[in-house]
Amino acid sequence: MMEEIIKYLKLLSESEGISGREDSVKEIMKIEFEKYCDNVYEDRFGNLIGKIGNGNKKIMVAAHMDEIGLMVKYIDDKGFLKFVKIGGINDQMLLNQKVVVHTEKGKLMGVLGSKPPHKMKDNERNKLIKSEDMFIDIGAKDKEDAINMGVNIGSWITFKSDFTELSNNRVSCKAFDDRVGCAILIMLSKELSKIKDNLNCEVYLVGTVQEEVGLKGAKTSAFGIYPDVALALDVTICGDHPGIKLEDAPVELGKGPVVCIVDASGRGLIADKKVLDTIKKVSEENGIKVQYEVGEGGTTDGTAIHLSRDGIPTGVISVPARYIHTPIEVIDLKDVEDTLNLIKSFIIEYD
C-alpha cells in the first residue's frame, strides 16, 4: 500500500495545474479512473467524475485538483514578468523561489527576484517584500525576446518542487493540497471496484476544479450529481511544529485523519451530525485513530457542496499537513493510508 501511495503522490504532486488549468492532473486521474470506475466523464465546468456501483442512494467524495500559483499580468521592456497570485499565497513564501512558466511553446524555467538587500535602505531591510515588488526572471534579453519564447499576458505559473522522501514515512512536495486527496480518490476507486457488486449505492468520485479560488467546481458538480450524502477530502494545518501552538491548531502529523466538526468559525461548514456519528462509529469499529477539528480560518469544498440545491449532508475528512500553501508541504504516509481506509469504511457502512 505504501509503495502505491508514494507512486501516486509523486506523480500527482509533481504535475502542474493551477486553478482553471488542471488538465495534466485531470488526465492522470482519468486514466486511473477508467481502469476501475463503471463510468468516467467530465462535466461542463471541467470537474472529473468517476461513478462506481448502482443503487437508489448517491455518495459523493470530492478532492480538488488545482494548486496555488501565479499568472503573468505584464511583461516589461527588459523582459521581466510581473504577476498576480492565483489562490491564497503569503508573500514571504514567494521570494527566491524557482518557478515554471507555462507558455504556448512549452515550459520555461524562471526565478522570483526583487531588489538586492545590498541596495536596500535600513528601513527597507526590516520590511516584508510585497509580491507587487517582485518579478520573474526567465533569462529574457528584452520584452520581444520574452514574447518570442512564448510568454503572453495570462501565461500561468507553478512552483518548481521535487517530491522528496524524508524520515519516518514522511514526504515533502508542493501541491499536497490537494493532490493527496486526488491520490486517495484513485486508490479508493481501485478498492471499491473490488466490492462494487456488493454496494447498494452509487459512489461518485469527483476531482473538482478551482477550489483555491472560491470552491467553484464543488458547487457545480454537487448540483449536477445531487448526492444524498457527501465527503470533502482535503488537508488541514498542523500545530505540532515551532511557530504555532497546538491550542491554535490541535492537529498532529502521524496521529490519523482529521474530522472537521466546524470550519471558518461556522461561516463555512457545520458538519452534519449523522455524518459525524457515522465517521466516529466506523473509525472505532475499524481501529482507525482520528483527530477532530474546530477551525477558525479557511474552508473546503464541503462548504459549497452542503449548500447545493436543498442542502446535502456533508462531512470533511482531512490529511494533516505542515507548511500548507508552500512548495515544501509535509505529510505522513500512514495518515494517507488511514484516511483511505476511513472513507472506504464510511461508504460500506452507509451502504
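Our subject is the structure listed above.
Just so it is clear, the structure is predicted and the values come from calculations on it, not from any experiment. (Residues numbered from 1 in each chain as written. Predicted model: local features only at pLDDT ≥ 70, side-chain atom pairs only at ≥ 80, totals over all residues. Heavy atoms only, no water.)

Quick word on the sheet that holds strand β14 (residues 258–262)
Next up, step 1: Spatially, β1-β2-β12-β3-β13-β16-β14-β15 is the arrangement adopted by the 8 strands of the open sheet, whose pairing is mixed. Looking at the sheet topology across the chains shown, the edges are occupied by β1 (39–42) and β15 (291–294). Averaged over neighbouring strand pairs, the angle between their axes works out to 25° when direction is ignored.
Next up, step 2: As judged from the 4 bridges shared by β14 and β15, these two strands associate in the parallel manner. By the bridge assignment for β15, Cys-260 is matched with Glu-293.
Next up, step 3: Here helix α7 (residues 216–225) sits on the sheet in contact with β1, β2 (48–52), β3 (57–64) and β12 (201–208), set at roughly 160° to β12.
Next up, step 4: Strands in contact with helix α10 (residues 333–350) are β3, β12, β13 (229–237) and β16 (314–321); relative to β16, the strand with the most contacts, it is inclined by about 165°. (Pairing = 2+ DSSP bridges. Helix = DSSP H or I, 4+ residues; strand = E, 2+ residues; numbered from the N terminus. Axes fitted to C-alpha atoms, helices over the stretch in contact; angles between N-to-C directions. Contact = heavy atoms within 4.5 Å.)

Topic: the sheet that holds strand β11 (residues 170–173)
Next up, step 1: The sheet built from 3 strands is open, its strands ordered β10-β11-β17 with antiparallel pairing. Single-partner strands in this sheet number two, and they are β10 (164–165) and β17 (329–332).
Next up, step 2: Relative to β11, β10 runs antiparallel, the two sharing 2 bridges. Within β11, the residue paired with Glu-165 across the bridge is Val-171.
Next up, step 3: Along the sheet face, helix α6 (residues 176–193) touches β11 and β17 and points at about 35° away from the line of β17.

Some thoughts on the packing of aromatic side chains
Next up, step 1: Counted by the stated rule, this structure contains 2 aromatic pairs.
Next up, step 2: Aromatic side chains Phe-80 and Phe-135 sit 5.2 Å apart centroid to centroid with 65° between the ring planes, which places their arrangement in the edge-to-face category. On the criterion of sequence distance, the pair formed by Phe-80 in the loop between β4 (69–75) and β5 (81–86) and Phe-135 in strand β8 (residues 135–137) is long-range, its members being 55 residues apart.
Next up, step 3: Looking at Phe-80, the relative accessible area reads 24%, which means it is partly exposed.
Next up, step 4: You can call Phe-135 partly exposed: its relative accessible area is 23%.
Next up, step 5: Judged by centre distance (6.3 Å) and plane angle (80°), the ring pair of Phe-163 and Phe-176 falls under edge-to-face. In this pair, Phe-163 is assigned in the loop between β9 (156–159) and β10 and Phe-176 in helix α6, connecting sequence segments 13 residues apart. Taken individually, Phe-163 and Phe-176 each receive the classification buried, so the pair is uniform in this respect. (Phe/Tyr/Trp six-rings, centres within 6.5 Å; stacked < 30°, edge-to-face > 60°. Buried < 20%, exposed > 50% of the residue type's maximum accessible area, 1.4 Å probe, protein only.)

Details of the pattern of salt bridges
Next up, step 1: This structure, assessed with the given rule, holds 20 salt bridges.
Next up, step 2: The partner of Glu-42 in a salt bridge is Lys-26, and the shortest N-O contact between them spans 3.0 Å. With a gap of 16 residues between them, Glu-42 in strand β1 and Lys-26 in helix α2 (residues 23–36) connect regions that are remote in the sequence.
Next up, step 3: For Glu-42, a relative accessible area of 47% puts it in the partly exposed group.
Next up, step 4: Two residues, Lys-334 and Asp-338, come together in a salt bridge whose shortest N-O distance is 2.9 Å. Linking Lys-334 with Asp-338, this pair stays in helix α10, spanning 4 residues, or about one helical turn.
Next up, step 5: Looking at Lys-334, the relative accessible area reads 39%, which means it is partly exposed.
Next up, step 6: Look at the salt bridges and you will find they share partners, linking Asp-23, Lys-26 and Glu-42 into a network. (Salt bridge = Lys/Arg side-chain N within 4 Å of Asp/Glu carboxyl O.)

A few points about the nonpolar core
Next up, step 1: Among the nonpolar cores identified, the biggest contains 60 residues, and Leu-9 and Met-29 are the most heavily contacted of them.
Next up, step 2: If you tally residues by element for this core, the top one is α6, at 10 residues.
Next up, step 3: Ranked by size, the runner-up nonpolar core spans 22 residues in total, among them Phe-83, Val-99, Met-134 and Val-151. (Core = buried A, V, L, I, M, F, W, Y, C linked by side-chain atoms within 4.5 Å.)

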